[in-house]
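Single-letter residue listing:
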Amino acid sequence: MDKSTFGDPKFIINGAMHDAQRHDSAHKHVTGSADYIDDLPEPVDLLHGALGLSDRAHAEIVSMDLSEVEATRGVIWVFTGKDVPGVNDVSSNGSHDEPLLAEQKVEFHNQPIFAVIAETREIARRAARKAKIEYRELPHWSDIDGALANGSPLVITPMTLQRGDAKTEMENAARRLKGQMRIGGQEHFYLESHVAMAIPGEDDEVTVWSSTQHPSEIQHIVGHVLDIPSNAVTVNVRRMGGGFGGKETQGNQFAALAAIAAKKLKRAIKFRPDRDEDMAATGKRHDFLVDYELGFDDDGRIHAVDATYAARCGFSSDLSGPVTDRALFHADSSYFYPHVHLASKPLKTHTVSNTAFRGFGGPQGMLGAERFIEEIAYAVGKDPLEIRKLNFYGQPGSGRTLTPYHQEVEDNIIGRIVDELEESADYQARRNAIIEFNRNSRFIRKGIALTPVKFGISFTLTAFNQAGALVHVYQDGSIHLNHGGTEMGQGLYTKVAQVLADSFQVDIERVKITATTTGKVPNTSATAASSGSDLNGMAAYDAARQIKERLVAFAAEKWAVPPKDVVFLPNRVRVGDKEFAFPDLIKQAYFARVQLSAAGFYKTPKIHWDRAAGRGTPFYYYSYGAACSEVSIDTLTGEYMIERTDILHDVGRSLNPAIDIGQVEGAFVQGMGWLTTEELWWDEKGRLRTHAPSTYKIPLASDRPKSFNVRLAEWSENTEATIGRSKAVGEPPFMLAISVLEALSMAVASVANYKVCPRLDAPATPERVLMAVERMKQA
């Protein structure tokens, strides 16, 4: 049958889809009844694991005495890299540069060297500290400056994007400037730390419960370290207490260690590091150092851009390649660069390997672009918003639509988004009032900024843009849904259930959402790159389509009507002049031996990418948004407050406005933390000192804007055939927080009468704001 009989997903507009449904686990979250892995009933004879961590940043292991560890009462087994049955490696990209347990050499402080299995978690942790390890220290560097000074190798081949002739055209530009910007990293600080529980089965089988965004990768890694095929490994995930990218690859080591011990001891094993260990031994958002040269005219129109993006990647490659690639993909933000040359430098450092984090390098690239705009605005003496508008990508046919990676921007709505927000936030009047306020205020200064977002949606590795779903319809008309996406609080399960309920035109309560498991849907991609709803929603839709085709064929034949006269209505089906309750039709179809189960599949169309050439179409579409933020700073202390933020964000036709608004709000606050309060700091010995809530400051409820106004662009509709014409919402709103940094910058610049660009680095802690104020006084 033709798909159009049932409605292409881009035309579905009624029923559960697009409704403001509550998160399926919301009531469980607030009552504490939602089960996370550490809440599951513990198997009989469960044992607990702990990590033995290095206390050097870079050193050879000369000798290791674990006798006291093994002799501790309650310790069952202590194992090292030599005890790994398969390959002692948990690298996510096949580079074999990330040992599960270090053997001859350690390359960052708190690198796992051995594991302790004991009767209780407390015994295991205390025993792990009794190891006697002798080291031969080696030179180490823990930051970008150190890596550059020591000629550090790169963890992966860098990427270059170029179009036009940036070098020649830079020389031809009417005006030029050079600058540098430091962009800090960020700790994920999910509420639930990493945790894994492995239960041995018969023969070579093992079942793993893991707090992971990528169950298929855990399955692969566990098979890898145990030297068993993937079909012997089942990985389950019902929900995570937050992920933000930190559970895309970093759960590998905990699941692998638990599985090794479970198979060795034939007992269930659980690994759950405490917050300090989790923060010290797992990766974070990449720090960046951006060196740039800009060519522009007297009006502020960009002529040429030449920039290098050096990143602190850590000791192994992990996801640093695609992260630094995506930084370059977003180094244009919303702006057209006629001539451009962009290069990445993924530097090796003796720190934990940095990894995925919401935005995946995009925020760092985009923040650099907004600095370019700010620099030009101060150089020509104009409002940065005016320079932003002047340099926006144009509409098709304008000659201003080609990105540095040679993809055409065909769906550009950033101009409309910004214009609407500028008016609704009363930006111009407020900016004038703020300038007047600053003239007459001695110590308190204010700033305001309106910044745009254009974020590409798709995995840049084309193969990851696929998903599967398994749908069963039972005799009573109830529906069982399983797909490859994972739930980390973002509402993915609810959205995909809405898709399924809408497809069958039944109440969402009829759809049972079940834990993600590799035993039902194989070879899944990580729930990342803001692709969860796009991919899994379409896969579920495809499964529903198959079942509905069979139901229509059955009904048309049984009651002798044309297929077009079989119509799904709310909780019922019309067949010619008859109507049946949905469960009644299902019951009849069952007795007619109609297959009521289907495996759906979806792969994103149109995308392709050639990394070596720096050309292609890596993104299916773009999501857009804008934020206007107002701040006040105390020029005597550097302390500040965020007075007001207005946001207008594009999610296409929202699958669930309530969840999407929550995602926008949460992303903004998390981005605000990255740019203001969250600072990672390593000491001269390479030790991470900001490894607990006492030393690492995430935003509090009191830090959010006093007035916080969030709207979705209800008029927007995806021009591509995504599920329900929706757009991704996980990562794009994170970059809305750049408006806060830009507003702080304006407040600082007022000290020098807006004549000098403050060049405020991130995070803009009160100390950095105060130092910037002092620089302005000198200027």
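1. Let's talk about the overall build of the protein
Counting secondary structure elements, the protein contains 19 helices and 29 strands. Expected size for 779 residues packed as a compact globule is a radius of gyration near 28 Å; at 27 Å, the protein falls within 12% of this value. Overall, the protein is about 85 × 75 × 50 Å in size when its C-alpha atoms are taken along their principal axes. When burial is assessed residue by residue, the protein has 63% of its 779 residues classed as buried. Across the protein, contacts joining residues at least 24 apart in sequence account for 81% of those joining residues at least 6 apart. Carbon and sulfur atoms form 49% of the exposed surface of the protein, whose accessible area is close to 28700 Å². For the protein, the separation between the mean place of its 86 positive charges and that of its 101 negative charges on side chains is 1 Å.

2. Regarding the packing of aromatic side chains
The way to describe two aromatic rings as a pair is by their centre distance and the angle between their planes. In the structure shown here, the tally under the stated rule is 20 aromatic pairs. With 5.0 Å between their ring centres and 80 degrees between their planes, Phe-329 and Tyr-405 make a pair best called edge-to-face. Within this pair, whereas Phe-329 is found in helix α9 (residues 320-329), its partner Tyr-405 is found in the loop between α11 (384-391) and α12 (414-424), the two being separated by 76 residues in sequence. Grouping residues by exposure puts Phe-329 and Tyr-405 together as buried.

3. Remarks on the confidence of the model for the protein
Per-residue pLDDT for the protein has a mean of 96; in total, 98% of the residues score no lower than 70. Overall, residues 1-14 carries pLDDT values under 50, and its contacts beyond four positions in sequence, including any with other chains, amount to 33 contacts.

4. Points about the side chain of Asp-683
Within the secondary structure, Asp-683 sits in the loop between α17 (657-676) and β29 (707-712). At 2.7 Å, the side chain of Asp-683 forms a polar contact with the side chain of Arg-687. Filtering out sequence-adjacent residues up to four positions away, Asp-683 remains in contact with Ser-142 and Arg-689.

5. A few points about the environment of Val-418
Along the polypeptide, Val-418 turns up in helix α12. Other than its neighbours up to four places away in sequence, Val-418 contacts Leu-385, Lys-389, Phe-392, Leu-450, Pro-452 and Ala-626.

6. Let's talk about the nonpolar core
Tyr-309, Leu-342, Leu-367, Ile-479, Leu-500, Phe-504 and Phe-582 are the most contacted members of the largest nonpolar core, which has 161 residues in total. The element best represented in this core is helix α15 (residues 532-558), accounting for 13 residues. Counting residues in hydrophobic clusters, the runner-up holds 34 residues, among them Leu-51, Val-206, Val-233 and Leu-257.

7. Focus: the sheet that holds strand β4 (residues 105-106)
Spatial ordering of the open sheet is given by β4-β2-β6, a layout of three strands whose pairing is antiparallel. The open sheet has two edge strands with one neighbour each: β4 and β6 (132-137). Pairing of strand β2 (residues 59-65) with β6, which is carried by six bridges, proceeds in the antiparallel orientation. Note on β6: the bridge partner recorded for Ile-61 is Tyr-135.

8. Some thoughts on the pairing of strand β17 (residues 466-473)
Burial of β17 is extensive: seven of the eight residues sit out of reach of the surface. One ladder, built from seven bridges, connects β17 with strand β24 (residues 597-603); its direction is antiparallel. Each bridged residue has a counterpart across the sheet, and for Ala-467 the counterpart in β24 is Tyr-602. Strand direction decides the pairing type here: β17 and strand β18 (residues 479-483), joined by five bridges, are antiparallel. The partner of Val-473 across the bridge, within β18, is Ile-479. In textbook terms, the turn of a hairpin is the stretch between consecutive antiparallel strands, and for β17 and β18 this stretch comprises five residues, one of which, Gly-477, has a positive phi near 90 degrees.

9. A few points about the pattern of salt bridges
What the rule picks out here adds up to 48 salt bridges. Between Lys-284 and Glu-187 there is a salt bridge whose closest N-O contact spans 2.8 Å. On the criterion of sequence distance, the pair formed by Lys-284 in the loop between α8 (275-281) and β13 (287-296) and Glu-187 in the loop between β8 (175-183) and β9 (196-200) is long-range, its members being 97 residues apart. Across the pair Lys-777 and Glu-774 runs a salt bridge, and its minimum N-O distance is 3.3 Å. Of the two residues, Lys-777 and Glu-774 are both situated in helix α19 (residues 766-778); the distance of three residues between them amounts to about one turn of the helix. A relative accessible area of 46% means that Lys-777 is categorised as partly exposed.

10. A few points about unusual backbone geometry
Between Ala-762 and Pro-763 the backbone carries a cis peptide bond, its omega angle lying at 5 degrees. Mapped onto the secondary structure, Pro-763 falls in the loop between α18 (738-749) and α19. Phi is positive for Asn-110, which is not a glycine, with a value near 80 degrees. Phi at Arg-759 is positive, roughly 50 degrees, even though this residue is not glycine. Along the chain, the position of Arg-759 falls in the loop between α18 and α19.

11. A word on the sheet that holds strand β23 (residues 578-581)
What the three strands build is an open sheet, ordered β21-β22-β23; its pairing is antiparallel. Each edge of the open sheet is held by one strand with a lone partner, namely β21 (566-569) and β23. In this sheet, neighbouring strand axes are inclined to one another by 20 degrees on average, regardless of whether the strands run parallel or antiparallel. Here β21 runs beside strand β22 (residues 572-575); their pairing, made up of four bridges, is antiparallel. Looking across to β22, one finds that Phe-568 is bridged to Val-573.

12. Looking at the packing of helix α14 (residues 492-504) against α15
Packing of α14 against α15 brings their axes to within 9 Å, and their N-to-C directions diverge by 25 degrees. As the angle between them shows, α14 and α15 are arranged roughly parallel. By crossing handedness, the relation of α14 to α15 is classed as right-handed. Counted together, Leu-492, Lys-495, Val-496, Val-499, Leu-500, Ser-503 and Phe-504 of α14 and Gly-532, Ser-533, Asn-536, Gly-537, Ala-540, Tyr-541, Ala-544, Ile-547 and Lys-548 of α15 form the full contact between these two elements. Looking at the contact of α14 with α15, its residues break down into nine nonpolar, five polar and two charged.

13. Things to note about the environment of Glu-103
Among the secondary structure elements, Glu-103 is positioned in the loop between β3 (75-80) and β4. By relative accessible area, Glu-103 is classed as partly exposed at 28%. Along the primary structure Glu-103 and Asp-24 are separated by 79 residues, whereas in three dimensions their C-alpha atoms are 45 Å apart. Discounting residues that sit within four places of it in the chain, Glu-103 has contacts with Ile-61, Gly-81, Lys-82 and Asn-88. A polar contact of 3.0 Å, which involves the side chain of Glu-103, links it to the side chain of Asn-88.

14. A closer look at a negative patch on the surface
A cluster of acidic residues, Glu-202, Asp-203, Asp-204 and Glu-205, forms a negative patch at the surface. With respect to the helices and strands, the residue Asp-204 is situated in the loop between β9 and β10 (206-210).

15. Quick word on the environment of Ser-316
Residue position: Ser-316 is located in the loop between β14 (302-314) and α9. Take Ser-316: its relative accessible area is 1%, and that puts it in the buried class. The contacts of Ser-316, once residues within four sequence positions are left out, are Asp-97, Glu-98, Val-155 and Ser-353. A distance of 2.5 Å separates the side chain of Ser-316 from the side chain of Ser-353, its partner in a polar contact.

16. Observations concerning helix α13 (residues 427-440)
A rise of 1.5 Å per residue sets the reference length of α13, with its 14 residues, at 20 Å; its end C-alpha atoms lie 20 Å apart and thus fit the reference within 8%. Residues of α13 that are buried include every one of Tyr-427, Arg-430, Arg-431, Ile-434, Ile-435 and Asn-438, and no others. Seen from one end, α13 has its buried residues packed into an arc of 140 degrees, which puts them on one side. Structural note: α13 exposes Arg-439 and Asn-440 on the side pointing more than 90 degrees away from its buried face. Among the structural elements, α11, α12, β16 (444-457), β27 (621-634), β28 (640-649) and α18 are those in contact with the buried residues of α13.

17. Comments concerning a nonpolar patch on the surface
On the surface, Phe-437, Phe-443, Ile-444 and Leu-636 cluster together into a nonpolar patch covering about 320 Å² of accessible area. Along the polypeptide, Ile-444 turns up in strand β16. On the basis of relative accessible area, Ile-444 is assigned to the partly exposed category, the value being 33%.

18. Examining the side chain of Ser-750
Counting through the fold element by element, Ser-750 comes out in the loop between α18 and α19. Apart from the residues within four sequence positions on either side, Ser-750 is in contact with Asn-438 and Arg-445.

The rules behind these values
Residues numbered from 1 in each chain as written. Predicted model: local features only at pLDDT ≥ 70, side-chain atom pairs only at ≥ 80, totals over all residues. Heavy atoms only, no water. Helix = DSSP H or I, 4+ residues; strand = E, 2+ residues; numbered from the N terminus. Rg over C-alpha atoms; globule rule 2.2 N^0.38 Å. Buried < 20%, exposed > 50% of the residue type's maximum accessible area, 1.4 Å probe, protein only. Contact = heavy atoms within 4.5 Å. Areas by Shrake-Rupley, 256 points an atom, 1.4 Å probe, with all protein chains shown as cover. Lys, Arg positive; Asp, Glu negative; His and termini not counted. Charge placed at Lys NZ, Arg CZ, Asp CG, Glu CD. Phe/Tyr/Trp six-rings, centres within 6.5 Å; stacked < 30°, edge-to-face > 60°. pLDDT = per-residue confidence, 0-100. Polar contact = N/O pair within 3.5 Å; in protein donor to acceptor, adjacent residues only side chain to side chain. Core = buried A, V, L, I, M, F, W, Y, C linked by side-chain atoms within 4.5 Å. Pairing = 2+ DSSP bridges. Salt bridge = Lys/Arg side-chain N within 4 Å of Asp/Glu carboxyl O. Axes fitted to C-alpha atoms, helices over the stretch in contact; angles between N-to-C directions. Parallel < 35°, antiparallel > 145°, perpendicular 65-115°, else oblique. Left-handed = near helix turned anticlockwise from the far one by under 90°. Nonpolar A, V, L, I, M, F, W, Y, C, P; charged D, E, K, R; others polar. Patch = residues over 30% accessible without salt bridge, like charges linked within 9 Å, V, L, I, M, F, W, Y side chains within 5 Å. Expected span 1.5 Å × (residues − 1). Arc of directions from axis to C-beta.

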